[in-house]
Amino acid sequence: MSDASPLTPSLSDVEFPKRIFSGIQPSGGMTLGNYLGAIRNWVAMQAEFDCVYCVVDWHAITASFDAPESFRTATREMAASLIACGIDPEKHILFNQSQNPDHVELAWIFNCVARMGWLNRMTQFKEKAGKNRENASTGLFVYPNLMAADILAYKATHVPVGDDQRQHLELTRDIAQKFNHDFERTVFPIVEPLILGAATRVMSLRDGTKKMSKSDASDMSRINLRDDSDTIAAKIRKAKTDPEALPSEPEGLAGRPEAENLANIYAALRGVTLEEALREVGGKQFSEFKPILAETAIAIFAPIAESLNRMMADPAEIDRILAKGAQRARAVSNPVLAELREVIGFVHG
Ligand code: AQP
């Protein structure tokens, strides 16, 4: 394993060009949680980094298979949502994962690098598999290896992640480190998490202790990018709260998860700190605050929803954008896979 290939330097201080990779599952429509926790940052990062953004349809089937036509529509909708939010598919790479088989080839190699013990520690598997662990797909168990492959197929150096994905990113680092160590050369960068501003974790509108999720059974628990203004206003009006007024300082939110969530959402939408937001709206009853919050959300989401609906009227154009993005993605990952086959010793003509 120590034969240095002419294709890969055996240095430990290889400098990798800065590149971002991030993905989102088409397991439903984009939510306010995805937008505030991730996508808004993806948009901002385009100014500084070379970005690869991916609708991760292979990840989506780890939970269950949807009806084929709904699945296709969900993938197109997620791509269109990203563009509507400000992702530029001309300047950066935007595609759906299943159009680049390099991810699965690398994931298989990583299945043979990652250790059972590492995957057994993943808390997201435990949460998503629930009590019926024996019935979870094996895909769900090795999901973090595919995520590592998504990132390292492009030798990405930075990954914007929410708190919930930190452990998976740590595993990506472990896989890269073990591979580099075993083959005694720096093939992969050790990726860095990238956190822009305060990490926003948006909770369900029905239960302030549960994450807002696109796949939650209750549509009232989330705000979808595609919701019209009346629906957004109604969901916020019906959001669970408590009888107290909003406090003027964050300490007053202790033990009040629903109040804290709505105040956090308001601060994130306004782009201010929680302290600043509470200085403005502290003392207000929810009956007075909720319409203000709804108006703020609608001002941001209405133009995005309009552009998303326009794009969804032309699915062929979305498919064209994704196919072109996939072609550009393969142009980056093909040489990485060729290098790996050489390093590992696969015979290829
Ligand atoms: N509620 C949230 N608050 C903040 N950030 C969130 N993200 C998701 N939900 C919240 C961030 O969105 C990015 C993409 O997520 P994903 O598609 O990989 O899947 P997820 O984290 O499992 O998101 P969902 O909406 O909860 O999907 P389902 O219901 O399919 O499981 C990630 O960066 C995530 O941190």
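Being a predicted model, the structure only gives us computed values, none of them experimental.

S.K.: Would you mind going over the overall build of the chain in detail, with residue names and values included?
M.R.: On a plain count of helices and strands, the chain comes out with 13 helices and five strands. In terms of overall dimensions, the chain has C-alpha extents of about 70 × 45 × 45 Å along its principal axes. In the chain, which comprises 349 residues, the proportion classed as buried is 49%. Long-range contacts, defined here as pairs at least 24 residues apart, represent 76% of the contacts in the chain between residues at least 6 apart. For the chain, the exposed surface amounts to about 16600 Å²; the carbon and sulfur share of it is 52%.

S.K.: Residue-level account of the site of the ligand, with values.
M.R.: Lining the immediate environment of the ligand, one finds 18 residues, of which Ser27, Val202, Ser213, Lys214 and Ser215 sit closest. Gly33 places a main-chain nitrogen or oxygen 3.3 Å from a nitrogen atom of the ligand. When the ligand sits alone it has 640 Å² of accessible area, and the protein chains cover 94% of it. With four residues, the single largest contributor to the shell around the ligand is helix H1 (residues 32-45). In terms of residue class, the shell around the ligand is made up of four nonpolar, nine polar and five charged.

S.K.: Help me get a handle on the domain arrangement of the chain, residues and values and all.
M.R.: Annotation of the chain at the domain level lists domain 1 (19-200 + 314-344) and domain 2 (219-311). One C-alpha centre belongs to domain 1, the other to domain 2; they are set 30 Å apart. The partner domain 2 presents 15 residues to the 16 residues of domain 1 that form the contact. Note on domain 1 versus domain 2: buried area summed over both sides is about 1300 Å², and carbon and sulfur give 72% of it. The tally of links from domain 1 across to domain 2 stands at one salt bridge. A salt bridge links Arg226 to Glu77; its shortest N-O distance comes to 3.3 Å. Inspection of the domain 1/domain 2 interface yields five residue pairs in polar contact (both at pLDDT 80 or more). A total of six residues in the side of domain 1 that touches domain 2 trace back to one element, the largest contributor, which is helix H3 (residues 68-85).

S.K.: How would you summarise the side chain of Ser204 if you had to cite specific residues and measurements?
M.R.: Within the element layout of this structure, Ser204 appears in the loop between strand S5 (192-194) and helix H9 (229-238). Exposure remark for Ser204: the relative accessible area of 2% places this residue in the buried category. Within the structure, Ser204 has its side chain in polar contact with the backbone nitrogen of Asp207 (distance 3.2 Å). Setting aside chain neighbours within four positions, we find Ser204 in contact with Lys210, Lys211, Met212, Ser221 and Asn261.

S.K.: Explain a negative patch on the surface residue by residue, including any values.
M.R.: A cluster of acidic residues, Glu249, Glu251, Glu275 and Glu276, forms a negative patch on the protein surface. Mapped onto the elements of the fold, Glu249 is located in the loop between H9 and helix H10 (257-270).

S.K.: Which residues make up the pattern of salt bridges, and what values do they have?
M.R.: The final tally for this structure, using the stated rule, is 22 salt bridges. Salt-bridge contacts for Glu48 lead to Lys18; the nearest nitrogen and oxygen are separated by 3.4 Å. Of this pair, Glu48 sits in the loop between H1 and strand S2 (50-55) while Lys18 sits in the segment before strand S1 (19-24), placing them 30 residues apart in sequence. Judged by relative accessible area, Glu48 falls into the exposed class, the value being 57%. Residue Lys18 is classed as partly exposed on the basis of its relative accessible area, which comes to 46%. Through salt bridges with shared partners, one network takes in Asp219, Arg222, Asp227 and Lys235.

S.K.: Which residues make up the pairing of S2, and what are the values?
M.R.: Counting buried residues along S2, five of its six residues qualify, which places the element largely inside the surrounding structure. In this sheet, S2 lies alongside S1 in parallel orientation, the contact comprising six bridges. Across the sheet, Ile24 pairs through a bridge with Val55, a residue of S2. Each parallel crossover has a hand, and for S1 linked through H1 to S2 it is right-handed. As paired elements, S2 and strand S3 (residues 93-96) share four bridges and run parallel to each other. Residue pairing across strands places Tyr53 opposite Leu94, the latter belonging to S3.

The rules behind the values
Residues numbered from 1 in each chain as written. Predicted model: local features only at pLDDT ≥ 70, side-chain atom pairs only at ≥ 80, totals over all residues. Heavy atoms only, no water. Helix = DSSP H or I, 4+ residues; strand = E, 2+ residues; numbered from the N terminus. Buried < 20%, exposed > 50% of the residue type's maximum accessible area, 1.4 Å probe, protein only. Contact = heavy atoms within 4.5 Å. Areas by Shrake-Rupley, 256 points an atom, 1.4 Å probe, with all protein chains shown as cover. Near = heavy atom within 4 Å. Polar contact = N/O pair within 3.5 Å; in protein donor to acceptor, adjacent residues only side chain to side chain. Nonpolar A, V, L, I, M, F, W, Y, C, P; charged D, E, K, R; others polar. Domains from an automatic or database assignment. Buried area = accessible area lost by both parts, 1.4 Å probe. Salt bridge = Lys/Arg side-chain N within 4 Å of Asp/Glu carboxyl O. Patch = residues over 30% accessible without salt bridge, like charges linked within 9 Å, V, L, I, M, F, W, Y side chains within 5 Å. Lys, Arg positive; Asp, Glu negative; His and termini not counted. Charge placed at Lys NZ, Arg CZ, Asp CG, Glu CD. Pairing = 2+ DSSP bridges. Right-handed = clockwise from strand over helix to strand, strands pointing away.

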